[in-house]
Amino acid sequence: MTTDPRRFIPKMDEILQYPAVRYAQERVAPHKVRAIIDAVLDDVRSGTLPPSLIEEKLEERLNSSQPYSLRPVINATGVIIHTNLGRAPLPPAAVDALVSAASYTDVEMDLESGLRSRNRGRAARDAVLAACPGADDALVVNNGASALLLATAALAPGKEVIISRGELIEIGAGFRLPELIESTATRLHEVGATNRTHVADYERALGEATGAILKVHPSNFRISGFTSSVSVAQLRALTDLPLIVDIGSGLLTPDAVLPEEPSASEALRDGADIVLFSGDKLLGGPQAGVLVGTKEAIAACTKHPLARAVRVDKLRLNALEAAISTSANAVHDALHLSAERHKQRTEHIAFAVGGEVVEHDGRVGGGGAPEVPLPGWAVALPEELARPLRLGAAPVVTRVSHGRCLVDVRCVPESQDAELIAALQAVM
């Protein structure tokens with residue numbers, strides 16, 4: 001007869017006295033330590049781990065445990081604003097700002113008078129205004145969807161918002177723009193066709209029930225061929241009603257690399273009352289929804305009851321201010337990466353790991369500049385390396401295409417090249 005190995009599992013009191021367990025309890029909450037112990041014991045009960053290795057396996061797992069689960073990864077896909085990887089990487093100054101704001105702060109206190117301040121988030125708003133010509137005022141909320149919801153509710157309460165059918169998009173995780181807006185008392189009035197909308201379509205829709213006109217960036221898709229749309233300037237010439245423009249990507253001023261991407265300053269110049277965009281896209285900051293525009297439009301949003309529900313926290317306010325105010329921005333650097341340096345780094349990595357240098361187009365990502373290629377290079381490796389690279393000690397996310405694992409350093413800080421090479425060599 002064979003002895004059931006589960007008979008050799010130590011008692012819990014004995015396990016809790018292991019040095020690794022006692023040390024872990026000083027760093028990690030008791031319930032998390034217990035969960036790791038239970039997982040190891042489950043492996044023993046299932047027969048995948050012998051009882052003699054319980055203490056060794058516990059030490060291994062507990063020593064590597066952290067009180068949080070998100071792990072930093074190396075983005076070698078060539079997609080700058082990668083939604084699955086957390087969109088924009090924060091610049092060092094914004095990381096420092098997060099740490100600085102993590103304790104008690106003067107977020108709602110005037111230190112001079114010792115009284116409560118009404119200027120919550122003023123520094124972040126001032127940073128936005130300094131970087132966005134044409135804006136009279138600004139407001140920061142917790143994300144782009146909140147900004148859109150607040151703007152339509154505040155500027156067209158209980159009325160209709162006119163929008164082109166070609167702009168009725170679905171954003172990330174299945175949230176559809178019409179459903180989002182109509183979750184308040186605001187109603188949508190669709191005009192035009194999916195591929196073509198004219199000034200006359202808007203003109204016919206205007207009436208006593210109209211509260212505002214909304215123009216939305218098409219996000220990560222593009223309609224080509226027999227198409228037409230109405231510009232912000234044309235809409236402004238049509239009516240004095242509030243004009244809301246959602247540019248999505250967060251481009252503050254025109255960029256020659258993305259000539260067709262709308263910018264906030266251009267939309268304001270052309271007559272928009274309020275422009276909305278995300279903080280964690282081309283702006284290169286934390287997740288946030290930013291509203292810029294006239295003082296009247298921003299005041300209406302600030303006073304609306306929804307403003308409190310979508311308020312942004314102190315951590316992101318500080319990080320957003322730093323991201324806009326610093327000279328180092330990872331998104332900008334990746335977008336404007338020198339072609340010569342891109343190729344040099346790619347060749348260096350290819351030589352170190354025995355890969356092949358191939359042409360590879362990067363992408364903006366995050367719904368910005370859909371289908372616009374960013375010409376560059378990548379290291380081509382066997383496709384089967386993609387999974388072990390993702391599961392390595394320093395996870396590397398690559399692009400798999402046409403049977404190859406493509407490693408693009410566009411979004412990899414040059415200071416991480418050695419770490420990337422080590423990760424590649426470890427799995428080859």
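Sequence order as written defines residue numbering, which begins from 1 separately in each chain. Totals for whole chains, interfaces and linings use all residues, but because this is a predicted model, local features are given only for residues with pLDDT of at least 70 and pairs of side-chain atoms are given and counted only at 80 or more. Calculated side-chain values reflect all of the structure's heavy atoms, with hydrogen atoms and water omitted.

Caption draft 1: Structural context of the overall build of the protein. What the protein contains, in helices and strands, is 18 helices and 16 strands. Dimensions of the protein, computed from C-alpha atoms along their principal axes, come out at roughly 90 × 60 × 50 Å. Residue burial is assigned from relative accessible area. The probe radius is 1.4 Å, only protein chains are included, and a residue is buried under 20% of its type maximum, exposed over 50%, and partly exposed in between. Across the 428 residues in the protein, those meeting the buried criterion constitute 46%. By definition in these notes, contact holds between two residues if any of their heavy atoms fall within 4.5 Å. The long-range share in the protein, meaning contacts at least 24 apart out of those at least 6 apart in sequence, stands at 73%. For the protein, the computed accessible surface area is about 22,000 Å², with 51% contributed by carbon and sulfur atoms. Between the centroid of the 43 positive side chains of the protein and the centroid of its 53 negative side chains there is a distance of 5 Å. Here a helix means four or more residues in a row that DSSP labels H or I, a strand means two or more in a row labelled E, and each is numbered from the N terminus. Each accessible area is a Shrake-Rupley estimate made with a 1.4 Å probe; only the visible protein chains count as cover when residues are assessed. His is not counted, nor are the chain ends; Lys and Arg add positive charge and Asp and Glu add negative charge. The atom standing in for a charge is NZ when the residue is Lys, CZ when it is Arg, CG when it is Asp and CD when it is Glu.

Caption draft 2: Structural detail: the pattern of salt bridges. When a carboxyl oxygen of Asp or Glu lies within 4 Å of a side-chain nitrogen of Lys or Arg, that pair is called a salt bridge. All told, the structure shown has 18 salt bridges when counted by the stated rule. With a closest N to O distance of 3.5 Å, Asp137 and Arg122 form a salt bridge. You can see Asp137 sitting in strand 5 (residues 137-141) and its partner Arg122 sitting in helix 6 (residues 122-131), a full 15 residues away along the chain. Here Asp137 falls in the buried class, since its relative accessible area comes to 16%. Among the charged side chains, a network of salt bridges with common partners joins Glu108, Arg116, Arg120 and Arg311.

Caption draft 3: Representation of helix 14 (residues 314-325) within the structure. By definition here, a helix of n residues has an expected span of 1.5 Å times n minus one. The end-to-end C-alpha distance of helix 14, which contains twelve residues, comes to 17 Å, matching closely the 16 Å that a straight helix rising 1.5 Å per residue would cover. Every buried residue of helix 14 is accounted for by Arg316, Leu317, Ala319, Leu320, Ala322, Ala323 and Ile324. In this fold, the buried residues of helix 14 make contact with helix 5 (92-101), helix 6, strand 5 and strand 11 (289-293).

Caption draft 4: The arrangement of unusual backbone geometry in detail. Unusually for a residue other than glycine, Arg87 sits at a positive phi of about 60 degrees. Relative to the elements of secondary structure, Arg87 occurs in the loop between strand 2 (79-81) and helix 5. Here His402, not a glycine, exhibits a phi torsion of approximately 50 degrees, which is positive. Looking at where His402 falls in the secondary structure, it is placed in the loop between strand 15 (399-401) and strand 16 (404-407).

Caption draft 5: A negative patch on the surface, seen in detail. The patch calculation keeps residues exceeding 30% relative accessible area without a salt bridge and links them within 9 Å when they carry like charges or within 5 Å when they are nonpolar (Val, Leu, Ile, Met, Phe, Trp, Tyr). Taken together, the side chains of Glu14, Glu55, Glu56 and Glu59 define an acidic patch exposed on the protein surface. Per-element tally for the negative patch: the top contributor is helix 4 (residues 54-63), with three residues.

Caption draft 6: Seen up close, the side chain of Asp417. The residue Asp417 is located in helix 18 (residues 417-427) in this model. With relative accessibility at 9%, the residue Asp417 sits in the buried group. In this structure the side chain of Asp417 is engaged in a polar contact, spanning 2.7 Å, whose partner is the side chain of Arg345. Excluding residues that lie within four positions of it along the chain, Asp417 makes contacts with Arg345, Ile349 and Val412. Definition of a polar contact: a pair of N or O atoms within 3.5 Å, with one able to donate and the other able to accept a hydrogen when the atoms are protein atoms, and with sequence-neighbouring residues admitted only if both atoms are side-chain atoms.

Caption draft 7: Quick look at the layout of surface pockets. Residues are called lining when one of their atoms sits within 4 Å of a cavity or pocket point, these points coming from a 1 Å grid over the protein atoms alone, where a cavity is a set in which a 1.4 Å probe fits but cannot get out and a pocket is an open set with protein on both sides within 12 Å along at least five of seven lines. Grid points are joined across faces, edges and corners, and a volume is the space filled by probe spheres set on the points. Within this model, the largest pocket holds a volume of roughly 1,100 Å³. Elements with a minimum of two residues in the lining of the largest pocket: strand 1 (74-75) and helix 15 (330-335). Top element by residues in the lining of the largest pocket is helix 15. It accounts for four residues. Classification convention: Asp, Glu, Lys, Arg as charged; Ala, Val, Leu, Ile, Met, Phe, Trp, Tyr, Cys, Pro as nonpolar; all other residues, Gly among them, as polar. Classifying every residue of the lining of the largest pocket gives 21 nonpolar, six polar and seven charged.

Caption draft 8: Just the sheet that holds strand 6 (residues 160-164), in detail. Two strands pair under a simple rule: DSSP has to find at least two bridges between them. Spatial strand order, 5-11-10-9-8-6-7: seven strands in an open sheet with mixed pairing. Only two strands of the sheet have a single partner each, and these edge strands are strand 5 and strand 7 (187-191). In this sheet, neighbouring strand axes are inclined to one another by 25 degrees on average, regardless of whether the strands run parallel or antiparallel. Across five bridges, strand 10 (residues 274-278) lies against strand 11 in antiparallel orientation. Within strand 11, the position partnered with Ile274 by the bridge is Gly293. The axes are straight lines fitted to the C-alpha atoms, using for helices just the contacting stretch, and the angles between their N-to-C directions are given from 0 to 180°. Sheet strands in contact with helix 12 (residues 295-303) are strand 5, strand 10 and strand 11, and its direction is about 30 degrees off that of strand 5.

Caption draft 9: Region of the structure containing the UniProt feature "modified residue: N6-(pyridoxal phosphate)lysine" (unreviewed entry) in the protein. Mapped onto this structure's residue numbering, the UniProt feature "modified residue: N6-(pyridoxal phosphate)lysine" (unreviewed entry) falls at Lys281. For Lys281, a relative accessible area of 10% translates into the label buried. UniProt positions are given in the numbering used here, feature names are shortened, and annotations may be inferred rather than shown by experiment.

Caption draft 10: Inspection of the environment of Leu315 at higher detail. One can find Leu315 in helix 14. The spatial distance from the C-alpha of Leu315 to the C-alpha of Ala138 is 18 Å, given a sequence separation of 177 residues. If we ignore the near neighbours within four places in the chain, the residues touching Leu315 are Leu98, Ala101 and Ala102.

Caption draft 11: Just the environment of Ala350, in detail. With respect to the element layout, Ala350 can be found in helix 16 (residues 339-353). Residues Ala350 and Gly289 lie 61 residues apart in sequence; the distance between their C-alpha atoms is 40 Å. In contact with Ala350, other than residues within four places in its own chain, are Gly355, Val357 and Val379.

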